[in-house]
Structure formats: structure tokens, C-alpha cells
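Residue strings, one per chain:
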Amino acid sequence: MSKIVIVFHSGYGHTKRMAESVAQGAGGDLLPIDAEGNLPEGGWEKLAAADAIVMGSPTYMGSVSWQFKKFADASSKPWFGHAWKDKLFAGFTNSASPSGDKLSTLHYLFTLAMQHGGVWVGTGMMPASSKAAVRNDVNHLGAFSGAMAQSPSDASVDEMLSGDLETAKQFGARVATMTARLNK
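How each quantity is defined
Residues numbered from 1 in each chain as written. Predicted model: local features only at pLDDT ≥ 70, side-chain atom pairs only at ≥ 80, totals over all residues. Heavy atoms only, no water. Buried < 20%, exposed > 50% of the residue type's maximum accessible area, 1.4 Å probe, protein only. Helix = DSSP H or I, 4+ residues; strand = E, 2+ residues; numbered from the N terminus. Pairing = 2+ DSSP bridges. Phe/Tyr/Trp six-rings, centres within 6.5 Å; stacked < 30°, edge-to-face > 60°. Salt bridge = Lys/Arg side-chain N within 4 Å of Asp/Glu carboxyl O. Right-handed = clockwise from strand over helix to strand, strands pointing away. Contact = heavy atoms within 4.5 Å. Polar contact = N/O pair within 3.5 Å; in protein donor to acceptor, adjacent residues only side chain to side chain.

J.: Is there a simple way to explain the pairing of strand E3 (residues 52-58) in this structure?
T.: The side chains of a regular strand alternate, first on one face of the sheet and then on the other. In terms of burial, E3 is largely enclosed, as 7 of its 7 residues are buried. Where burial is concerned, the two faces of E3 agree: the one with Ala 52, Val 54, Gly 56 and Pro 58 and the one with Ile 53, Met 55 and Ser 57 are both buried. Note that strand E1 (residues 4-9) and E3 share 5 bridges and pair parallel. Of the residues in E3, the one forming a bridge with Val 7 is Met 55.

J.: Which parts of the structure should I look at to understand the packing of aromatic side chains?
T.: Describing an aromatic ring pair means giving the distance of the ring centres and the angle of the ring planes. Summed over all chains, the structure comprises 7 aromatic pairs. Relative to Trp 84, the ring of Trp 44 lies with its centre 6.2 Å away and its plane at 20°, an arrangement referred to as stacked. With Trp 44 in helix H2 (residues 43-49) and Trp 84 in the loop between helix H4 (76-80) and strand E4 (88-95), this residue pair connects regions lying 40 residues apart in the sequence. With relative accessibility at 32%, the residue Trp 44 sits in the partly exposed group. What makes Trp 84 buried here is its relative accessible area of 2%. Taking the centre distance of 5.6 Å and the plane angle of 85° together, the rings of Phe 110 and Trp 120 count as edge-to-face. You can see Phe 110 sitting in helix H5 (residues 102-115) and its partner Trp 120 sitting in strand E5 (residues 119-120), a full 10 residues away along the chain. Under the relative-accessibility criterion, Trp 120 is labelled buried at 18%. Taken together, the aromatic side chains of Trp 44, Phe 68, Phe 71, Trp 84 and Phe 89 make up a single cluster linked through ring pairs.

J.: Honestly, the pattern of salt bridges in this entry has me stumped. Any pointers?
T.: Two side chains of opposite charge can pair, provided their charged atoms sit close to one another. In the structure shown here, the tally under the stated rule is 3 salt bridges. With a closest N to O distance of 2.0 Å, Asp 29 and Lys 3 form a salt bridge. One end of the pair, Asp 29, is in strand E2 (residues 29-33); the other, Lys 3, is in the segment before E1, and 26 residues separate them in sequence. When the shortest N-O distance is used, the salt bridge between Lys 69 and Asp 73 registers 2.6 Å. With Lys 69 and Asp 73 both in helix H3 (residues 66-74) and 4 residues apart, the pair spans about one turn of that helix. The exposure class of Lys 69 is partly exposed, given its relative accessible area of 34%. Exposure remark for Asp 73: the relative accessible area of 45% places this residue in the partly exposed category.

J.: Which parts of the structure should I look at to understand the pairing of E1?
T.: The buried fraction of E1 is high, at 6 of 6 residues. On E1, burial covers both faces: Ile 4, Ile 6 and Phe 8 on one face and Val 5, Val 7 and His 9 on the other are all buried. The sheet contact formed by E1 and E2 spans 5 bridges and is parallel. Within E2, the residue paired with Val 5 across the bridge is Asp 29. In this view, the connection linking E1 to its parallel neighbour E2 by way of helix H1 (residues 14-26) has right-handed handedness.

J.: Which parts of the structure should I look at to understand the environment of Asn 38?
T.: Mapped onto the elements, Asn 38 comes out in the loop between E2 and H2. Residues within four places of Asn 38 in sequence aside, it is in contact with Pro 32, Ile 33 and Lys 70. For Asn 38, the side chain forms a polar contact with the side chain of Lys 70, separated by 3.1 Å.

J.: For this particular structure, what's the right way to read unusual backbone geometry?
T.: Residues apart from glycine generally show negative phi values, whereas peptide bonds are mostly found in trans. In this structure, Met 61 takes a positive phi of about 50° despite not being glycine. Its location among the elements puts Met 61 in the loop between E3 and H3.

See below:
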């Protein structure tokens, strides 16, 4: 059985809910980054033992949150020893605007994975881009490099669209499938 860890920071709960959907699809374990940018006890060991690491952060001002950045900077210790080389990586993000520069956040996560010598997994999903598409369709935001969700700034966690959460769940399932293929 593959070991998938979803490491994420969530400022207001929306990214956490997305992480839970990714974990549900992937059969993975959640590893939250706290409000001070730290992992819980044993967090680094969980990442070291993982076959796949899925990273998530809200998009704030066009990039990851400072808490996620602190985690990324601290990952220079496993980087130095090539500890995460050849692991599968994937990423997801959420912001208030339909664009919100979420792609910049996914590029940041991709670059971090590449610095660790990882192998990136995209969504593998077609976008919901026909005239008949509605906002609550799976992959309505048309993301290929990682999962994206949009939560209006005045929306509660419970108001997240089921299409975005289903996108995250299917994305997690794809990560699980690719991890199993790599670990045959």
C-alpha cells in the first residue's frame, strides 16, 4: 500500500477542506502546517516515509502563504540529503477570485518539488469549458498542473462548491493511481 501525505496550510479553513477532499480521494494522511508555519511532532518523519507528497496552500498575494513558505524553506534539510528524490509530488490551492493568480502558487509548489528531485502529477482532467458548463462542474477552473478551488472572500467553509471539492477528490485519486503505478 502506498503512503501519501497531504501537507498543507489553511488560513481560514477553505484549504483544509480541500485537503480533506484530496485525502479522501488519495487515501492519504493529512499533515497540517500550523499558524506559526510549523509541522506537528513527527511531521518530518511522515514526509520522509511518504511515497507521494501532495502540497497545498491558499493563494495569498499571488503565492503560497508565509506559513507554507516557512515549511518550504525548512525543507532544505531533506533537500540537502536528497531525502525526497524520486517521490511523487502534486499540489493544490484555493483563492477568493476565479483567477486570483492561483497558477503562480501551483508553479511555486511545482518548483519546490523539482528542487527536491520529485516527479510531478497534474490533474489529468479535462476542463469544464463547454457552453453547457456550470460553475459547480468538476474542474470548472480548468486546472491542469494541480487542483484549484475558488471560495469567495465572504464565503464560509461550508459554502465551498461541491464541484471544487469533487475536483480535489478526483485529483487525490489520480495521485493514488500514479503512486501505485510508480511503486509496482
